[in-house]
Amino acid sequence: LLTSLDILFLDGNNLEGPIPTELGLLTLLKSLCLNSTNLSGPVPTELANLSNLNEMYLQETRLSGSIPSDLCDVSSVSIDSGEIECNCCPDDPLTPL
């Protein structure tokens, strides 16, 4: 596993299925971009282990459910899926928290 990875951009890929919970092991990750994928299901609570995460982009996906409240400390969350609920995200999905 790439434990020293700090930026992961997988946007525009044909990824399908749920977000792997193993991403929560990338504790040095600062930026996560999963835009324009076919990822589906809930955002895993394991992503709350990403204590260095500053940016998370989840636009144009098939994700559903709620953003885990433990991810409310991420300074910038960008979502546009009508299937994702975020109690701590701003009304404008491109505005930093």
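Everything numeric in this text was worked out from a predicted model, so none of it was measured.

Calculation notes
- Residues numbered from 1 in each chain as written.
- Predicted model: local features only at pLDDT ≥ 70, side-chain atom pairs only at ≥ 80, totals over all residues.
- Heavy atoms only, no water.
- Pairing = 2+ DSSP bridges.
- Helix = DSSP H or I, 4+ residues; strand = E, 2+ residues; numbered from the N terminus.
- Contact = heavy atoms within 4.5 Å.

A look at the sheet that holds strand E2 (residues 16-17)
Strand-to-strand pairing in sheets goes through backbone hydrogen bonds, with the strands running parallel or antiparallel. As summarised here, the arrangement of the three strands in space is E2-E4-E6, forming an open sheet in which the pairing is parallel. Of all the strands in the sheet, just E2 and strand E6 (62-63) have a single pairing partner and so form its edges. In this sheet, strand E4 (residues 38-41) lies alongside E2 in parallel orientation, the contact comprising two bridges. Among the inter-strand pairings, glutamate 16 is bridged to a residue of E4, identified as asparagine 38.

A word on the environment of leucine 53
Within the element layout of this structure, leucine 53 appears in the loop between E4 and strand E5 (55-58). Through-space distance from the C-alpha of leucine 53 to that of serine 76 is 9.1 Å; in sequence the pair is 23 residues apart. Apart from residues no more than four positions distant in its own chain, leucine 53 is found in contact with Leu29, Lys30, Ser31, Leu32 and Val74.

A short note on the pairing of E4
Residues in a regular strand point their side chains to alternate faces of the sheet. Pairing of E4 with E6 involves two bridges; the strand directions are parallel. Bridge assignment links glycine 41 to a residue of E6, and that residue is leucine 63.

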